[in-house]
Amino acid sequence: MQRYAIVERGDEASAKLSKKLRKDLDAFLTYDELHPELVISVGGDGTMLRSVHDYIDQLEEVAFVGIHTGTLGFFTDYTIDEANLLVYDIKDKALTVEKRSMIEIEFHEQKFYALNEMRLENSIHSQVIDVFINGEHLETFRGNGLCVSTPSGSTAYNKSIHGAIMAPGPELMQISEIAGINHNAYRSLGSSLILNDSQHVRLETQNYQNAVLCIDLDAFHLEENVTIDVSMSKKYARFASYRQVSFVDRLKKAFL
């Protein structure tokens, strides 16, 4: 590995640390924002998501590693006080890559990708969504919306709406309800549904006014009834692993 780039959160602490990292890494690596082999995310999980999307067309060539200076660091292996350790690890250790699954979202004949999740939601009034699995109608959902997450994203927004936590790696996606309405008039599954890579989801919206489609950090206000197709993507985000941080350890550091 010869080329690297840094994506930083934009706050004073992250900018200061990024400047120091460049000084240390330029001694043995070349800084290349256009075609890096390693991208260092300095910030929190939001910064890591932005890093992945900045290089969404180069995922096969780029590996990501994070230093936590933000509010949540589930994706990051190093704290702000361990920046020197990351420099030493990059210089002296072999690079091991961990692949993280992504989902592919298609609507309006455009394709988008999510490392965490996509959400179709409405905070103004009840959103009506027809849900199809492999073309077969499952339910007509009514509530604030639906979230489709990856294993990586299962600990993000999905966890806050009581979806299941999944270990990273498997090609699985999870549909979770956002404030679903369940009574005599309206019924839906009422629990998270985990699907494998042979299954795809189609969401068809009704009463779309004020509905928003969120894909990781991006949001799209819907202007008409839309059909949204979600499936496991062939793209992966490649994370550089210089130190072994177990899934259990990440959970404990983030939530316990």
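Provided above is the structure to which this section pertains.
Described below are features of the structure shown in this document. (Residues numbered from 1 in each chain as written. Predicted model: local features only at pLDDT ≥ 70, side-chain atom pairs only at ≥ 80, totals over all residues. Heavy atoms only, no water.)

With that settled, the discussion passes to the state of the cysteines. As enumerated under the stated definition, the model contains 0 disulfides in all. With no disulfide of its own, Cys-147 has Cys-214 as its nearest cysteine by sulfur position, at a separation of 9.6 Å. The class for Cys-214 is buried, based on a relative accessible area of 10%. (Disulfide = S-S within 2.5 Å. Buried < 20%, exposed > 50% of the residue type's maximum accessible area, 1.4 Å probe, protein only.)

Within the largest apolar cluster, 26 residues are counted, with the highest numbers of intra-cluster contacts made by Ile-103, Met-118, Val-201, Ile-228 and Val-230. Look past the residues within four positions of Met-118 in its chain and what remains in contact with it is Ile-103, Ile-105, Leu-146, Cys-147, Val-148, Leu-203, Leu-213, Cys-214, Ile-215, Ile-228 and Val-230. One finds Ile-40, Ala-63, Val-65 and Ile-67 within the second-largest nonpolar core, a separate group that totals 19 residues. (Core = buried A, V, L, I, M, F, W, Y, C linked by side-chain atoms within 4.5 Å. Contact = heavy atoms within 4.5 Å.)

Attention now moves to a nonpolar patch on the surface. A surface patch of nonpolar side chains, amounting to about 210 Å² of accessible area, comprises Met-1, Leu-95 and Val-97. Mapped onto the fold, Met-1 is located in the segment before β1 (3-8). (Patch = residues over 30% accessible without salt bridge, like charges linked within 9 Å, V, L, I, M, F, W, Y side chains within 5 Å. Areas by Shrake-Rupley, 256 points an atom, 1.4 Å probe, with all protein chains shown as cover. Salt bridge = Lys/Arg side-chain N within 4 Å of Asp/Glu carboxyl O. Helix = DSSP H or I, 4+ residues; strand = E, 2+ residues; numbered from the N terminus.)

On to the packing of helix α1 (residues 12-25) against helix α3 (residues 83-92). The contact between α1 and α3 brings their axes to 11 Å, and the two run at 30°. Here α1 is positioned roughly parallel relative to α3, judged by the angle of their axes. Our pair here, α1 against α3, has a crossing hand that is right-handed. When α1 is examined against α3, the residues Leu-17, Lys-20, Leu-21, Asp-24 and Leu-25 are found in contact with a partner set consisting of Ala-83, Asn-84, Val-87 and Ile-90. The class makeup of the residues in the contact of α1 with α3 is 6 nonpolar, 1 polar and 2 charged. (Axes fitted to C-alpha atoms, helices over the stretch in contact; angles between N-to-C directions. Parallel < 35°, antiparallel > 145°, perpendicular 65-115°, else oblique. Left-handed = near helix turned anticlockwise from the far one by under 90°. Nonpolar A, V, L, I, M, F, W, Y, C, P; charged D, E, K, R; others polar.)

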